[in-house]
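Residues per chain are reported as follows:
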Amino acid sequence: MQFKYIGVCVIGGLIDTVFEEVDFNKAKDRLLEAYKNSGFDPHCDDARIFLNGEEVYSYEEMATCGNCGEDYPESDINMIDYEIDLCGACEKEYKNK
Ligand SMILES: [Zn+2]
């Protein structure tokens, strides 16, 4: 049997979005989309992905890339190695400068 990734987004203590994805990266994208679509105030206060009942990915805080200004989960932003916070795409660009 094949397990599916279950994405859950919670706003104000209520489950706002639930979805199923077979592909983990798609699940991550959908979680980010759900987060962004939840509006500015309040943002989704809890966003997690489960596989077979186990939490495999989660974020509670978003960070803003200092270069492109897009919001990403903190885990996807490099806040250590450069003077500004950089998302994955901008980090590649930055390295090549
Ligand atoms: Zn960026």
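Just so you know, these numbers come straight off a predicted model, no measurement behind them. (Residues numbered from 1 in each chain as written. Predicted model: local features only at pLDDT ≥ 70, side-chain atom pairs only at ≥ 80, totals over all residues.)

J.: Residue-level account of the sheet that holds strand β2 (residues 14–21), with values.
T.: Backbone-to-backbone hydrogen bonds pair the strands of a sheet. The strands run either parallel or antiparallel. Ordered in space as β2-β1-β3-β4, the four strands form an open sheet in which the pairing is antiparallel. The open sheet is flanked by β2 and β4 (54–59), the only strands paired with a single partner. Along the sheet, successive strands turn relative to each other by an average axial angle of 20 degrees, direction set aside. Relative to β4, strand β3 (residues 46–51) is paired through five bridges, and the arrangement is antiparallel. Each bridged residue has a counterpart across the sheet, and for Ile 49 the counterpart in β4 is Tyr 57. Relative to the sheet, helix α1 (residues 24–37) contacts β1 (5–11), β2, β3 and β4, its axis offset from that of β1 by approximately 15 degrees. (Pairing = 2+ DSSP bridges. Helix = DSSP H or I, 4+ residues; strand = E, 2+ residues; numbered from the N terminus. Axes fitted to C-alpha atoms, helices over the stretch in contact; angles between N-to-C directions. Contact = placed C-beta atoms within 7 Å.)

J.: Help me get a handle on the domain arrangement of the protein, residues and values and all.
T.: Examined at the domain level, the protein breaks down into domain 1 (1–60) and domain 2 (62–97). Put simply, the middle of domain 1 and the middle of domain 2, counted by C-alpha atoms, are 22 Å apart. (Domains from an automatic or database assignment.)

J.: Can you break down the environment of Val 8 residue by residue, with the values?
T.: Here Val 8 lies in strand β1. On the basis of neighbour counts, which here come to 19 C-beta atoms within 10 Å, the residue Val 8 falls in the partly exposed class. For the pair Val 8 and Cys 44, spaced 36 residues apart in sequence, the C-alpha separation works out to 9.9 Å. Other than its neighbours up to four places away in sequence, Val 8 contacts Ile 15, Val 18 and Arg 48. (Buried ≥ 20, exposed ≤ 12 C-beta atoms within 10 Å, placed from the backbone.)

J.: Would you mind going over the pairing of β1 in detail, with residue names and values included?
T.: When a strand is regular, its side chains alternate between the sheet's two faces. Where β1 lies against β2, seven bridges are found, and the strand directions are antiparallel. In the strand pairing of β2, Cys 9 is matched with Thr 17. Counting the residues that bridge the hairpin from β1 to β2 gives two residues, and of these Gly 12 lies at a positive phi of roughly 55 degrees. Relative to β3, β1 runs antiparallel, the two sharing six bridges. Of the residues in β3, the one forming a bridge with Val 8 is Arg 48.

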